[in-house]
Amino acid sequence: RQEIEAETDRTTDKKCVSDKPINLRIFSPHVLNLTLIDLPGITKVPVPPQPEDIEKIITRMIMQFIT
């Protein structure tokens, strides 16, 4: 968990969200290769320190992955 949080801070420059991917590799001889994309949920009401247009930012990010 600490590694994921540290990578999030490095990738987002401590911002709320970023469209830069965080790559996490898990190795096991008993697991198939799998790609997961964890997208943020859509926020309607910004909470500090989120920008006022957080809904548009997240919606645009999600649309990049689903279209």
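Whatever comes next refers back to the structure up there.
Below, the structure is looked at part by part. The structure presented is a predicted model; accordingly, all values stated were derived computationally and were not measured. (Residues numbered from 1 in each chain as written. Predicted model: local features only at pLDDT ≥ 70, side-chain atom pairs only at ≥ 80, totals over all residues. Heavy atoms only, no water.)

1. Quick word on the overall build of the protein chain
Thought 1: Helix and strand content of the protein chain: two helices and zero strands.
Thought 2: By principal-axis analysis of the C-alpha atoms, the protein chain measures approximately 45 × 30 × 15 Å.
Thought 3: Residue burial in the protein chain is summarised as follows: out of 67 residues, 9% are buried.
Thought 4: Each charge class in the protein chain can be summarised by its mean position, and for the 9 positive and 10 negative side chains these summaries are 2 Å apart. (Helix = DSSP H or I, 4+ residues; strand = E, 2+ residues; numbered from the N terminus. Buried < 20%, exposed > 50% of the residue type's maximum accessible area, 1.4 Å probe, protein only. Lys, Arg positive; Asp, Glu negative; His and termini not counted. Charge placed at Lys NZ, Arg CZ, Asp CG, Glu CD.)

2. Comments concerning a nonpolar patch on the surface
Thought 1: Side chains of I37, M63, F65 and I66 sit close together on the surface and give an oily, nonpolar patch of about 400 Å² of accessible area.
Thought 2: Within the fold, M63 resides in helix α2 (residues 54–66).
Thought 3: Judged by its relative accessible area of 38%, M63 is partly exposed. (Patch = residues over 30% accessible without salt bridge, like charges linked within 9 Å, V, L, I, M, F, W, Y side chains within 5 Å. Areas by Shrake-Rupley, 256 points an atom, 1.4 Å probe, with all protein chains shown as cover. Salt bridge = Lys/Arg side-chain N within 4 Å of Asp/Glu carboxyl O.)

3. Re the pattern of salt bridges
Thought 1: Scanning the entire structure with this criterion turns up two salt bridges.
Thought 2: Linking E55 and K44 is a salt bridge whose minimum nitrogen-to-oxygen distance equals 2.8 Å. On the criterion of sequence distance, the pair formed by E55 in helix α2 and K44 in the loop between α1 (2–12) and α2 is long-range, its members being eleven residues apart.

4. Section: the environment of L32
Thought 1: By secondary structure assignment, the location of L32 is in the loop between α1 and α2.
Thought 2: The exposure class of L32 is exposed, given its relative accessible area of 77%.
Thought 3: For the pair formed by L32 and E3, sequence separation is 29 residues and the distance between their alpha carbons is 23 Å.

5. A word on the environment of T12
Thought 1: Positionally, T12 belongs in helix α1.
Thought 2: For T12, a relative accessible area of 9% corresponds to the buried category.
Thought 3: Once the C-alpha coordinates of T12 and I22 are considered, the two residues, ten residues apart in sequence, prove to be 9.6 Å apart.
Thought 4: Every residue in contact with T12, bar those within four places of it in the chain, is listed here: V17 and S18. (Contact = heavy atoms within 4.5 Å.)

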